[in-house]
Amino acid sequence: MIKTILFWLENSRIFSLPMTLLSWLVIFVFALKDGGNIFNGIAALIGISFAHLATNLFDDYVDYKKLTENSQKCKCAYIKEGKATLNDVLKVVIIYCILALTAGFILLIRCGWPVIGLALIGGVITLIYAKLSQNGLSELAVGTAFGPLLFEGVYFVMTGNFSLVVFVMSLAVVMFTIGLLYVHTILDFEGDMCAHKKTLVCRIGDKDKALKGVFIVYGLGYIFTLILAFMLKNYFILLTFALIPLVFDMYNSLKTYTCGGEIKEFYFRLLKPRNLMVYYSLFVVFSLMYF
């Protein structure tokens, strides 16, 4: 049983869950300073986490049918190797969704009808994410789900309010989450082009030009960070600017990679934006807690 659970968590790309956990932690800490309810915040984390895992796995369910020979070796490997069927994948996605809905139902009872609206938006994004991804809208979907929806949703269930400051905070943090997704699509560029997917990077059509987009994504993140620091009058948040050299390191690393390479080389580069998001979020959490 434990091996089965670990198997599905691994294939649901649990390594990406720090995006959810740390985004949640930023707004959780901020809401606590406003007297937020701890139980509601934790219930929201559980629901958001299972929705995230469901999205990852359902993406495999859709993508497997369009895999090409030069796609990443690790992409849907567990299905290609016969360790699971598409029906197995769909069953686990349903289980994840049921668990997420359970957390949402608890919050509905405790916090009222606005939770339904928030849950519906999140549910729709979960179900149509794969389709959005194939049409160049995955960054918009992730930006909405992990940005304003997550931040305003957690803040609401904890405090009963929405906030402009929270909205700006969500835009600052989510650009680092979008950065991870954008880098992922750069790494998948050749395979996605052969599969006729229309990710944002594929729509740009030139990998070298798409690489320059890394600076746009993280540049916007730092612009919103600057605005947030002035709104909160908390200038310790600007310590996050010390991470800028990591953006350049990641950019240089991406220039040397070709889709279809060794799995370890793929993850070596993918973990760079993941780690950058982790470090950024921890800096922000530290600034909110102590200053």
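See the structure shown above.
Overview of the structure. Keep in mind it's a predicted model, so treat the numbers as computed, not measured.

## Let's talk about the overall build of the chain
At step 1: Looking only at helices and strands, the chain has 13 helices and 0 strands in total.
At step 2: Counting from the amino terminus, the chain carries its helices and strands in the arrangement α-α-α-α-α-α-α-α-α-α-α-α-α.
At step 3: By the compact-globule yardstick of 19 Å for 291 residues, the chain fits well, its C-alpha radius of gyration being 19 Å.
At step 4: Expressed along its principal axes, the backbone C-alpha trace of the chain runs to roughly 55 × 40 × 30 Å.

## Description of a nonpolar patch on the surface
At step 1: Among the surface-exposed residues, Leu-164, Phe-167, Ile-216, Leu-220, Ile-223, Ile-227 and Met-231 lie close enough to one another that they form a single nonpolar patch of about 630 Å² accessible area.
At step 2: Within the secondary structure, Met-231 is located in helix α11 (residues 207–232).

## Observations concerning the packing of aromatic side chains
For any pair of aromatic rings, the description rests on two quantities: the centre-to-centre distance and the angle between the ring planes.
At step 1: Within the structure shown, the criterion is met by 13 aromatic pairs.
At step 2: On the numbers, 5.4 Å between centres and 70 degrees between planes, the contact of Phe-176 with Tyr-218 is edge-to-face. Placement of Phe-176 in helix α8 (residues 164–187) and of Tyr-218 in helix α11 is noted, with a sequence separation of 42 residues between them. Here Phe-176 and Tyr-218 have matching classes, each one buried.
At step 3: Through pairs of rings, three or more aromatic residues link up here, namely Phe-176, Tyr-218, Tyr-222, Phe-241 and Tyr-280.

## A word on the environment of Ile-125
At step 1: Inspection of the secondary structure assignment puts Ile-125 in helix α6 (residues 114–133).
At step 2: Given the relative accessible area of 13%, Ile-125 is considered buried.
At step 3: Separated by 70 residues in sequence, Ile-125 and Thr-55 have C-alpha atoms that sit 8.3 Å apart.
At step 4: The contact partners of Ile-125, leaving out residues within four places of it in the chain, are Ala-141, Thr-144 and Ala-145.

## A word on unusual backbone geometry
At step 1: The backbone phi angle of Arg-13 is positive, close to 60 degrees, even though this residue is not glycine.
At step 2: Mapped onto the fold, Arg-13 is located in the loop between α1 (2–11) and α2 (18–33).
At step 3: At Lys-233, a residue that is not glycine, the phi angle is positive and equals roughly 55 degrees.
At step 4: Classification of Lys-233 as exposed rests on a relative accessible area of 65%.

## Here we look at the environment of Phe-15
At step 1: Turning to its location among the elements, Phe-15 is positioned in the loop between α1 and α2.
At step 2: Here the alpha-carbon distance between Phe-15 and Leu-271, two residues 256 residues apart in the chain, equals 9.0 Å.
At step 3: Among residues more than four places away in sequence, those in contact with Phe-15 are Tyr-267, Leu-270, Leu-271 and Arg-274.

## Brief notes about α8
At step 1: Between its first and last C-alpha atoms α8 spans 35 Å; for 24 residues at 1.5 Å apiece the expected length is 34 Å, and the two agree.
At step 2: Most of α8 sits out of view: 21 of its 24 residues are buried.
At step 3: N-cap assignment for α8: the residue whose side-chain oxygen lies 3.2 Å from the backbone N of Val-165 is Ser-163.

Rules behind the numbers
- Residues numbered from 1 in each chain as written.
- Predicted model: local features only at pLDDT ≥ 70, side-chain atom pairs only at ≥ 80, totals over all residues.
- Heavy atoms only, no water.
- Helix = DSSP H or I, 4+ residues; strand = E, 2+ residues; numbered from the N terminus.
- Rg over C-alpha atoms; globule rule 2.2 N^0.38 Å.
- Patch = residues over 30% accessible without salt bridge, like charges linked within 9 Å, V, L, I, M, F, W, Y side chains within 5 Å.
- Areas by Shrake-Rupley, 256 points an atom, 1.4 Å probe, with all protein chains shown as cover.
- Salt bridge = Lys/Arg side-chain N within 4 Å of Asp/Glu carboxyl O.
- Phe/Tyr/Trp six-rings, centres within 6.5 Å; stacked < 30°, edge-to-face > 60°.
- Buried < 20%, exposed > 50% of the residue type's maximum accessible area, 1.4 Å probe, protein only.
- Contact = heavy atoms within 4.5 Å.
- Expected span 1.5 Å × (residues − 1).
- Polar contact = N/O pair within 3.5 Å; in protein donor to acceptor, adjacent residues only side chain to side chain.

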